[in-house]
Amino acid sequence: MKCLGFIIVSVLSINTIFAQNFLPPTLGVLDFEPRGIPTYVSQQFTQILREEIESEELGIVIERSTLLGTLEERGYERSNCITDYCEALVGRLLNADFIVSGSMVYKDSSYIIDANMVSVRTGKLEHTETIIYSGKIEGLMNVPERLSYGIFNFKSPQELAEIEERKRMDAIEVSNDEIMPIEKVPFMFPTTLRSTLFPGWGQFYSDHRRLGWSILGAEAVLATAAIAFYKSYEYKKDDIDLYNRMYAETKDSNKIKEFRTKVVQAEKDHIRYIDNFKYSLFMFGTVWALNITHALIVDLDNNVSNGPDIDIVYNEFTSQPQLRFSIALD
Amino acid sequence: MRWIKLFFISSLFTLFSCDLGKAELDSCLDVFNYPSIIEYPAIGFCPELMDGSVDDEIEVGIYALEVSGVAGIHAQVSYDANKVQIVDVYSGDFFDRSQKPIFVYNDNGQGTLDIYTFFMSNEKTTGGTGEIALIEVKLNSSGQSDFIITSQSELLDPDDVPIAIKGFGKGIINAK
């Protein structure tokens, strides 16, 4: 039985302790001091603030009439009590935990709202909150909700929603950044591309001007030779057709011999020219391919300049050449 | 890149399409087309090699090659009567001038064809290379058969004096 009694007492005590801890504080909210705005505006504002604190269950607010009545009963003027200490005393009179006071200033098309929460027990300023509102006066009456949380150093649901939205937008921005490459990857083979399109262009681009001129010159000579051989080949083909016709049409045996000789010679020349044309074209293609190869090497050299190097070096200890593999660490 | 390559290659083909010319030296008046004949003057067949199918009728020319001062020609042709049959023989243009030449032929049907022609124009003689006669031959059976100019053939001058023939042609007919 003794044990059961102890358990019951303990449970009740814990319950009492927790119940006390979760009790909202009692607040006395004084009308905010109007500066540059009508008094009724500040009174209306303060009243909404009281209602917000109550509705959000942030604290138990002492009725305005009770508050004013208490002050009047004692013959105090509100305007005479503006220090934290004085307000703390008022709170003591009201049996409150905190006194909330503040001011509303209209300046440069903005409302500056200052709110102070003074601890009645210590007489010191617990927290101060300043909100600057720019906009129409109708919107001013939405500020108390935020202020009600602010004086308790909490974030209002509206603020939390704004923070969440901001985070979400940041996340979207980051994901967009991931989709869209931040840095455009440059084309890695500009010299090769140019040399492929036109022989020597890549060498000029990569500042190998001498080689560029050499390649261009060689290609020009080979192309000219190829065209010349091709034209000669065409002329000889015409000769073959002509002498073939004359050979077939003549009845004179001497002429036949003459045309036979000519057509055979034209056929030989014709084959020689077409062969030369092929060789020229092959050389032209070879030089072009070499030009592309060189351009590719230049590009690769530029692309892998920080890559591992393999060198042939002389090892003084073994007195032998050896391969050295090195990687730049910078 | 791909369309550039295609364009480049197709342009090259268009610009530099190579069509090899070929000498067509198949004239019967060209002595180089008689490989069986080494020396001249000669009598030969043109073309020397012929192909055909059984029951086909083909034409073979008989030519005087590199002759000079000729007034009359006797060409004796030996052939395989089991495989081919002489259908007809026509006069060639070698002796054609202001007057037509005398032209006679005799086929014994046993494999010997004799052709006789004589130059009738005022020039009396002619020379060079030319067609003496055109033989129309029918292929009776498959296989290869030879046409040979025999040594009985003659070239004659206006006085009927023989001119030595140094080349006797040979022709081959392949019947499928």
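One can find the structure itself at the top, above this paragraph.
Residues numbered from 1 in each chain as written. Chains lettered and ligands numbered in written order. Predicted model: local features only at pLDDT ≥ 70, side-chain atom pairs only at ≥ 80, totals over all residues.

A. Fine view of the overall build of chain A. Helix and strand counts for chain A stand at 11 helices and eight strands. The buried share of chain A, taken over its 330 residues, is 24%. When contacts within chain A are restricted to residue pairs at least 6 apart in sequence, those whose partners lie at least 24 apart make up 54%. (Helix = DSSP H or I, 4+ residues; strand = E, 2+ residues; numbered from the N terminus. Buried ≥ 20, exposed ≤ 12 C-beta atoms within 10 Å, placed from the backbone. Contact = placed C-beta atoms within 7 Å.)

B. Layout of the pairing of strand β6 (residues 125-134) of chain A. Residues and elements named next belong to chain A. The pairing of strand β5 (residues 110-119) with β6 spans nine bridges and is classified as antiparallel. Considered in β6, the bridge of Asp-114 is made with Thr-130. Remark: five residues form the turn of the hairpin made by β5 and β6, two consecutive strands paired antiparallel; Gly-123 in that turn has positive phi of roughly 75 degrees. (Pairing = 2+ DSSP bridges.)

C. Representation of the packing of helix α8 (residues 190-197) of chain A against helix α11 (residues 253-303) of chain A. All names here are of chain A. At a minimum axis distance of 7 Å, the contact between α8 and α11 shows a crossing angle of 170 degrees. Our classification of the angle between α8 and α11 gives roughly antiparallel. Contact residues: α8 offers Thr-191, Thr-192, Ser-195 and Thr-196, while α11 offers Asn-291, Ile-292, Ala-295, Leu-296, Val-298 and Asp-299. Looking at side-chain class alone, the contact of α8 with α11 contains four nonpolar, five polar and one charged residues. (Axes fitted to C-alpha atoms, helices over the stretch in contact; angles between N-to-C directions. Parallel < 35°, antiparallel > 145°, perpendicular 65-115°, else oblique. Nonpolar A, V, L, I, M, F, W, Y, C, P; charged D, E, K, R; others polar.)

D. Structural detail: the sheet that holds strand β3 (residues 57-70) of chain B. Residue and element names in this part refer to chain B. Spatially, β5-β8-β3-β1-β12 is the arrangement adopted by the five strands of the open sheet, whose pairing is mixed. Looking at which strands have only one partner, the edges of the open sheet turn out to be β5 (84-91) and β12 (167-168). In terms of strand pairing, strand β1 (residues 42-46) meets β3 through five bridges, oriented antiparallel. Residue pairing for β3: Phe-45 is matched across the bridge by Ile-62.

E. Geometry of the environment of Arg-210 of chain A. Along the polypeptide, Arg-210 of chain A turns up in helix α10 (residues 209-249). Sequence-wise, Arg-210 of chain A and Gly-200 of chain A are 10 residues apart; in three dimensions their C-alpha atoms are separated by 9.6 Å.

F. A look at the interface of chain B and chain A. Counting residues at the interface gives 13 residues for chain B, matched by 16 residues for chain A. Per-class residue counts for the side of chain B that touches chain A are seven nonpolar, four polar and two charged.

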